[in-house]
Number of protein chains: 2
Amino acid sequence: MKNVTIKEAAQLLLSHDNILILMHKSPDGDAIGSAYGLCGALRDLGKKAQPVCSDPIPEKFSYITDRLPYQEFEPEYIVSVDLADTQLFGEKLEPYKDRVGLCIDHHGSNTRFAEYGIIEASASSCAQVIVPIIKETGAEIRGVIADALFTGITTDTGCFKFSSVSSETHRIAACLIDCGAQSAMINRLMFDTKTRQQLALEKQSLESLRYFENGTVAMITVTAAMMKETGAQECDLDGIASLPRQIEGVKIGITVKEKEPGHFRMSVRTTDEVDASAICALLGGGGHHAAAGCSFTGTKEEAEAKILEAALKIYSESGT
Amino acid sequence: MKNVTIKEAAQLLLSHDNILILMHKSPDGDAIGSAYGLCGALRDLGKKAQPVCSDPIPEKFSYITDRLPYQEFEPEYIVSVDLADTQLFGEKLEPYKDRVGLCIDHHGSNTRFAEYGIIEASASSCAQVIVPIIKETGAEIRGVIADALFTGITTDTGCFKFSSVSSETHRIAACLIDCGAQSAMINRLMFDTKTRQQLALEKQSLESLRYFENGTVAMITVTAAMMKETGAQECDLDGIASLPRQIEGVKIGITVKEKEPGHFRMSVRTTDEVDASAICALLGGGGHHAAAGCSFTGTKEEAEAKILEAALKIYSESGT
């Protein structure tokens with residue numbers, strides 16, 4: 001893959017028509033915001049453009065998707081956004097694996113599967129990379145384009161909370177608000193709304209909260225039975241994985257989740273002093289320093305004991 | 001009170017020394033951030049300056065307060081920040097009620113108790129008003145000054161989530177980050193940490209969650225017994241008041257809190273369609289369109305019935 005500048009990326013977009021925009025499976029706010037923001041801009045430039053995804057776009061993003069009706073055309077040029085790896089294409093995008101002309105991303109781990117690429121690993125979100133490219137094409141950022149790009153930035157930064165946020169992130173957010181992004185509405189929809197099922201599951205899972213090592217390690221277990229009883233879905237688990245680590249004094253927060261009877265997925269969240277990925281590596285998993293995951297097959301009690309043992313081992317080695 | 005410009009406010013600060021900075025009782029992040037940010041800047045200009053408050057500053061702000069040790073001096077000039085009304089002075093600040101030389105605030109309801117004042121009702125936070133004033137004095141925004149002012153902005157906007165956030169808010173945040181504000185650390189400390197007591201109280205209060213009117217009204221009750229049993233404090237209630245309204249489909253979220261046996265404080269949070277202050281006005285309270293409160297003396301059941309009745313009345317009148 002050949003790296004291109006913002007100017008060259010804009011030129012590639014301007015010199016093509018009938019553009020398909022790929023996003024990863026299980027699309028999140030940044031994938032959707034980036035794809036639809038770019039799509040809106042390309043349409044404003046008089047081109048045909050359409051975002052595609054192997055999975056359906058969640059209903060809560062309809063304030064974006066409803067404003068850019070589906071366009072049917074024979075794709076001439078393929079662009080991918082927020083897509084780090086062809087493994088994340090999913091079934092529906094399979095035919096495009098070797099055909100991506102331009103890849104726009106912010107993952108340092110990008111596998112460089114495209115012909116041309118612009119990868120800004122320091123950017124908080126893919127949407128943050130796309131804003132200057134759209135400006136360079138001469139398209140005006142307004143309406144749904146501004147809303148979509150703001151959605152990408154705010155969702156990928158936990159509403160400007162994460163350490164990936166730089167002064168540039170805030171400057172781009174300011175610019176999008178000036179261009180009409182409905183920031184308060186978007187933030188409320190993305191961060192201030194819980195489903196009844198999510199709340200019921202949170203309450204039930206709190207029953208299982210246990211502390212270890214003088215309250216520096218906390219563990220929550222979510223069973224398949226709890227999911228069934230509360231009617232909660234996979235996406236309702238979002239907040240729960242980060243819950244144990246949020247408790248005052250907790251350095252290692254563990255969530256054990258029963259995917260199906262006998263099969264468990266463990267999430268580990270840590271403070272700076274402890275490496276979550278080292279804990280999960282002991283059980284064959286991996287991830288980042290502050291957030292990692294691993295899987296386990298066995299009983300619930302074994303899953304809990306194994307991940308706790310791994311956590312305590314890495315914790316004692318950390319010398320904190 | 002005579003209104004002054006940013007330039008005049010800076011001039012007033014520059015022309016005085018031994019400056020006492022008043023903040024409201026039960027100080028929040030904006031009061032503390034504004035007072036200590038201004039204090040740091042005045043000290044950098046070679047002046048003596050000290051923030052004062054009738055209540056102690058919560059421990060969690062020690063990353064600010066520890067870096068600006070207490071200065072003892074005979075006050076020559078009194079400045080107030082984020083202080084809308086002398087009723088919020090509290091006992092310790094009583095002697096300064098008629099002596100405030102300069103009032104810096106962002107509350108439109110400010111009672112104009114000072115000699116000079118700069119009130120920017122459109123600003124997200126008092127800290128946002130203070131940034132340009134400090135710049136005008138020629139002091140450099142750095143270190144604890146940047147951290148304090150960033151704290152003010154982020155806490156008063158729910159981490160850039162509220163509708164009070166403008167593009168200017170994001171631009172000032174960007175500037176403070178460029179000046180060294182440790183934004184990720186501050187946001188984690190302010191928004192990503194719960195006490196064990198808070199969590200236990202949340203769990204208990206969720207037991208009381210009830211839905212009315214097809215799930216468009218939700219009510220939670222926190223009793224004095226729950227507070228005692230969980231060991232929770234007043235400040236642990238922060239998140240709970242906003243919880244019922246966060247549930248999908250809920251337009252009116254009510255929290256009934258037993259302050260002491262037989263005495264209740266009700267918080268009402270609403271979506272755009274319903275006026276929370278109109279609901280609370282029916283019980284002699286008040287507030288804003290989206291967030292209001294009122295009090296009630298009687299039994300728990302009466303308190304719940306009264307506020308529910310008021311909510312349903314205003315809701316049916318709203319025609320939604």
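A quick note: this is a predicted structure, and the numbers were derived from the prediction, not measured.

Observations regarding the domain arrangement of chain A
Here is step 1: Under the domain assignment used here, chain A contains domain 1 (2-191) and domain 2 (196-318).
Here is step 2: Using only C-alpha atoms to locate each centre, domain 1 of chain A and domain 2 of chain A end up separated by 32 Å.

Thoughts on helix α12 (residues 300-318) of chain A
Along an α-helix, residues three or four apart share an orientation, since each turn contains 3.6 residues.
Residues and elements named next belong to chain A.
Here is step 1: The terminal C-alpha atoms of α12, which comprises 19 residues, lie 27 Å apart, in line with the 27 Å expected from a rise of 1.5 Å per residue.
Here is step 2: Buried residues of α12: A303, E304, I307, L308, A310, A311, I314 and Y315, and no others. Along the axis of α12, the buried positions cluster into a sector of 160 degrees, meaning they face one direction only. Exposed positions of α12 whose direction lies more than 90 degrees from the buried face are E301, E309, S316 and E317.
Here is step 3: Along its buried surface, α12 packs onto β7 (210-212), β8 (217-222), β9 (252-260), β10 (263-270), α11 (276-281) and β12 (291-297).
Here is step 4: Phi turns positive one or two residues past the end of α12, at G319, with a value near 70 degrees.

Quick notes on the pattern of salt bridges
Here is step 1: Throughout the structure, instances matching the rule amount to 24 salt bridges over all chains.
Here is step 2: A salt bridge links B:R171 to A:D178; its shortest N-O distance comes to 2.4 Å. With B:R171 in helix α6 (residues 167-178) and A:D178 in helix α6 (residues 167-178), this pair bridges two chains.
Here is step 3: For A:D178, a relative accessible area of 47% corresponds to the partly exposed category.
Here is step 4: Between B:E140 and B:R142 there is a salt bridge, with the nearest N and O atoms lying 3.6 Å from each other.
Here is step 5: For B:R142, a relative accessible area of 42% corresponds to the partly exposed category.
Here is step 6: Among the charged side chains, a salt-bridge network with shared partners connects A:D44, A:E140 and A:R142.

Description of the packing of helix α4 (residues 126-137) of chain B against helix α5 (residues 143-156) of chain B
Any two packed helices are characterised by how steeply their axes cross, that is the angle between the axes, and by the distance between the axes.
All names here are of chain B.
Here is step 1: At their nearest, the axes of α4 and α5 sit 8 Å apart, and the two run at 145 degrees to each other. Here A127, Q128, I130, V131 and I134 of α4 come into contact with α5, specifically with I145, L149, G152 and I153.
Here is step 2: Split into classes, the residues belonging to the contact of α4 with α5 amount to 7 nonpolar, 2 polar and no charged.

Structural notes on the sheet that holds strand β12 (residues 291-297) of chain B
Residue and element names in this part refer to chain B.
Here is step 1: With respect to topology, 6 strands assemble into an open sheet ordered β7-β8-β9-β10-β12-β11, the strand pairing being mixed. Among the strands making up the open sheet, the edge pair consists of β7 (210-212) and β11 (286-287).
Here is step 2: Strand direction decides the pairing type here: β11 and β12, joined by 2 bridges, are antiparallel. Looking at the pairing, G287 lines up with A292 of β12.
Here is step 3: Across the face of the sheet, helix α12 (residues 300-318) comes into contact with β7, β8 (217-222), β9 (252-260), β10 (263-270) and β12 while running at roughly 155 degrees to β9.

Topic: the sheet that holds strand β3 (residues 49-52) of chain A
All names here are of chain A.
Here is step 1: Strand order in this open sheet of 6 strands is β1-β6-β5-β4-β2-β3, and the pairing throughout is parallel. Two strands bound the open sheet, and with one partner strand each, they are β1 (2-3) and β3.
Here is step 2: Strand direction decides the pairing type here: strand β5 (residues 102-105) and strand β6 (residues 116-119), joined by 4 bridges, are parallel. The residue of β6 that forms the bridge with I104 is I118.
Here is step 3: Where helix α2 (residues 29-44) meets the sheet, it contacts β2 (19-22), β3, β4 (77-81) and β5, and its direction lies at approximately 170 degrees from that of β3.

So, the packing of aromatic side chains
Here is step 1: For the structure on display, the rule yields 5 aromatic pairs over all chains.
Here is step 2: Centroid distance A:F150 to A:F160: 5.9 Å. Interplanar angle 50 degrees. Geometry classified as tilted. Pair noted here: A:F150 is in helix α5 (residues 143-156) and A:F160 is in the loop between α5 and α6, with a separation of 10 residues, a long-range link. Neither A:F150 nor A:F160 differs from the other in exposure class; each is buried.
Here is step 3: Aromatic rings pair up to connect A:F150, A:F160, B:F150 and B:F160 into one cluster.
Here is step 4: Positioned over the ring face of B:Y211 is A:R196, at 3.5 Å from the centre of the ring.

A look at the interface of chain B and chain A
Here is step 1: Counting residues at the interface gives 38 residues for chain B and 39 residues for chain A.
Here is step 2: Contact between chain B and chain A buries roughly 3,600 Å² in total, counting both sides, with carbon and sulfur atoms accounting for 57%.
Here is step 3: By the criterion of area lost to chain A, the three top residues of chain B are B:K161, B:H170 and B:R196, representing 17% of everything that side buries.
Here is step 4: For the pair chain B and chain A, the number of links is 6 salt bridges.
Here is step 5: Here A:D192 ties to B:K161 by a salt bridge, and the two come within 3.9 Å at their closest N and O atoms.
Here is step 6: Our enumeration of links across chain B and chain A arrives at 13 residue pairs in polar contact (both at pLDDT 80 or more).
Here is step 7: The set of elements that each furnish at least two residues to the side of chain B that touches chain A consists of α6, α7 (183-191), α8 (196-206) and α10 (243-246) of chain B.
Here is step 8: For the side of chain B that touches chain A, the element with the highest residue contribution is α6(B), accounting for 8 residues.

Comments concerning the relation of the copies chain B and chain A
Here is step 1: Of the transformation superimposing chain B on chain A, the axial component is 0.0 Å and the angular component is 180 degrees, with the fit at an RMSD of 0.2 Å. Here the copies are linked by what is in effect a two-fold axis.
Here is step 2: Interface overlap between copies: 100% of the residues of chain B at the interface are likewise at the interface in chain A, consistent with a symmetric, same-surface contact.

Calculation notes
Residues numbered from 1 in each chain as written. Chains lettered and ligands numbered in written order. Predicted model: local features only at pLDDT ≥ 70, side-chain atom pairs only at ≥ 80, totals over all residues. Heavy atoms only, no water. Domains from an automatic or database assignment. Helix = DSSP H or I, 4+ residues; strand = E, 2+ residues; numbered from the N terminus. Expected span 1.5 Å × (residues − 1). Buried < 20%, exposed > 50% of the residue type's maximum accessible area, 1.4 Å probe, protein only. Arc of directions from axis to C-beta. Contact = heavy atoms within 4.5 Å. Salt bridge = Lys/Arg side-chain N within 4 Å of Asp/Glu carboxyl O. Axes fitted to C-alpha atoms, helices over the stretch in contact; angles between N-to-C directions. Nonpolar A, V, L, I, M, F, W, Y, C, P; charged D, E, K, R; others polar. Pairing = 2+ DSSP bridges. Phe/Tyr/Trp six-rings, centres within 6.5 Å; stacked < 30°, edge-to-face > 60°. Lys NZ or Arg CZ within 6 Å of the ring centre and 35° of its normal. Buried area = accessible area lost by both parts, 1.4 Å probe. Polar contact = N/O pair within 3.5 Å; in protein donor to acceptor, adjacent residues only side chain to side chain. Least-squares fit on C-alpha atoms with pLDDT ≥ 70 in both.

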